[in-house]
Structure formats: structure tokens, C-alpha cells
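# Report on the structure
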Amino acid sequence: MEHKEDKKRNKGGRPKKETAEKLSYRIGVKMAAADYFRLLTRAYEAGISPSEYMRECFRNGYVQERLSKEHSDYVRQLCGMANNLNQLAHKANAGGFSEARWDCKVAVARIHELLNKIGI
């Protein structure tokens, strides 16, 4: 009876993938040297492997690039500004909007500047 309990016990580790999620089929594709190097370049620019690049092209018809280091820094700054906005909202609710007015204008200007840098 103790052996049955041992089999049901969770041993930890990564859960097993379902059959639909497993990558079990392999397809060989022949391509010219120029096409191959174009594939490698585009996969490198997107920050993914060539196989994943081809899977994304097949699924979506396009590949979305990962955020560059510069853009991820901008996103991190925006997250920090969100915290500042929450503090300003608390200050405005506690003491009135007239006290937090200038700080709000500065925060909005900085957010607007970052969004322009990102290109949104």
C-alpha cells in the first residue's frame, strides 16, 4: 500500500507538456545561401532561434521583435513613474489638488516625453 502512495506523490519539477504542445515533427527545408543568411539575420534581430522564427511566421504571418534594451529601460522608467503618480494621487486626495498640481504637470510631461521616445 505504501508503494501506491509513492506513485501519486508529486515529485516536483516541470509539468509534462500536453500532446498538442510537444514539438515532435521535423521538416527539412532546402534554401539558397542568401535565404538562409536572411533567415539567420532576421531571427537574430528578433532575438529568437531560426526555428522559432519560422514557427512564428507560419502561425501569424509575421514575427514580432523582442523589446530592445533601450525600450525595456523606457518601460522600466514608466513603471517607476506609475508609482509616482499613485503617490501624487494620494497627495491630491489628502491635501487638495492645488498642492499637487505642479508635480502632476511635471510627471505628465515626463511620461509624454518617454512615450515619444518609444514611438507610441
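For the structure, see preceding data.
Presented here is an overview of the structure given in this document. (Residues numbered from 1 in each chain as written. Predicted model: local features only at pLDDT ≥ 70, side-chain atom pairs only at ≥ 80, totals over all residues. Heavy atoms only, no water.)

Before going further, it helps to examine the overall build of the protein chain. A tally of helices and strands in the protein chain yields five helices and zero strands. Ordered by position from N to C terminus, the α and β elements of the protein chain give α-α-α-α-α. Against the globule reference of 14 Å for 120 residues, the protein chain gives a C-alpha radius of gyration of 25 Å, more extended than a compact globule. Oriented by its inertia axes, the alpha-carbon framework of the protein chain measures out at about 65 × 65 × 20 Å. Looking at the protein chain as a whole, 14% of its 120 residues are labelled buried. Considering only intrachain contacts with a sequence separation of at least 6, the fraction spanning at least 24 residues in the protein chain is 31%. Accessible area of the protein chain: about 11000 Å², with a carbon and sulfur share of 53%. (Helix = DSSP H or I, 4+ residues; strand = E, 2+ residues; numbered from the N terminus. Rg over C-alpha atoms; globule rule 2.2 N^0.38 Å. Buried < 20%, exposed > 50% of the residue type's maximum accessible area, 1.4 Å probe, protein only. Contact = heavy atoms within 4.5 Å. Areas by Shrake-Rupley, 256 points an atom, 1.4 Å probe, with all protein chains shown as cover.)

Moving on, we come to the pattern of salt bridges. For the coordinates displayed, the defined rule picks out five salt bridges. One salt bridge in this structure joins Asp-73 and Arg-76, with 2.8 Å as the shortest N-O distance. With Asp-73 and Arg-76 both in helix H4 (residues 69-95) and three residues apart, this pair spans about one turn of that helix. Shared partners join several salt bridges into a network, and the residues in it are Glu-52, Arg-55, Glu-56 and Arg-59. (Salt bridge = Lys/Arg side-chain N within 4 Å of Asp/Glu carboxyl O.)

Glancing now at helix H2 (residues 33-46). When the terminal C-alpha atoms of H2 are compared, their 20 Å separation across 14 residues agrees well with the 20 Å that a helix rising 1.5 Å per residue should span. Among all positions in H2, only Leu-39, Ala-43 and Ala-46 are buried. One side of H2 holds all its buried residues, which, seen down the axis, span an arc of 65°. More than 90 degrees from the buried face of H2, the exposed residues found are Ala-33 and Tyr-44. The inward-facing, buried residues of H2 abut helix H3 (50-60). (Expected span 1.5 Å × (residues − 1). Arc of directions from axis to C-beta.)

Across all of its chains, the model carries one aromatic pair by this definition. Relative to Phe-37, the ring of Tyr-36 lies with its centre 5.5 Å away and its plane at 65°, an arrangement referred to as edge-to-face. (Phe/Tyr/Trp six-rings, centres within 6.5 Å; stacked < 30°, edge-to-face > 60°.)

Now for helix H5 (residues 97-118). Taking 1.5 Å per residue as the helical rise, H5 with its 22 residues ought to reach 32 Å, and the 30 Å between its terminal C-alpha atoms agrees with that figure. Its axis deflected by about 30° at Asp-103, H5 carries its strongest bend there. Within the span of H5, buried status applies to Ala-100, Cys-104, Ala-107, Ile-111, Leu-114 and Ile-118. One or two positions beyond H5, positive phi appears at Gly-119, with a value near 100°. (Bend = angle between axes of the 7 residues up to and from the residue.)

We now examine the nonpolar core. Counting six residues, the largest nonpolar core consists of Leu-39, Ala-43, Ala-46, Ile-48, Tyr-53 and Val-63. Those residues in contact with Leu-39 that lie beyond four places of it in its chain are Met-31, Pro-50, Tyr-53 and Met-54. (Core = buried A, V, L, I, M, F, W, Y, C linked by side-chain atoms within 4.5 Å.)

None of the figures reported here should be taken as evidence of function without further support.
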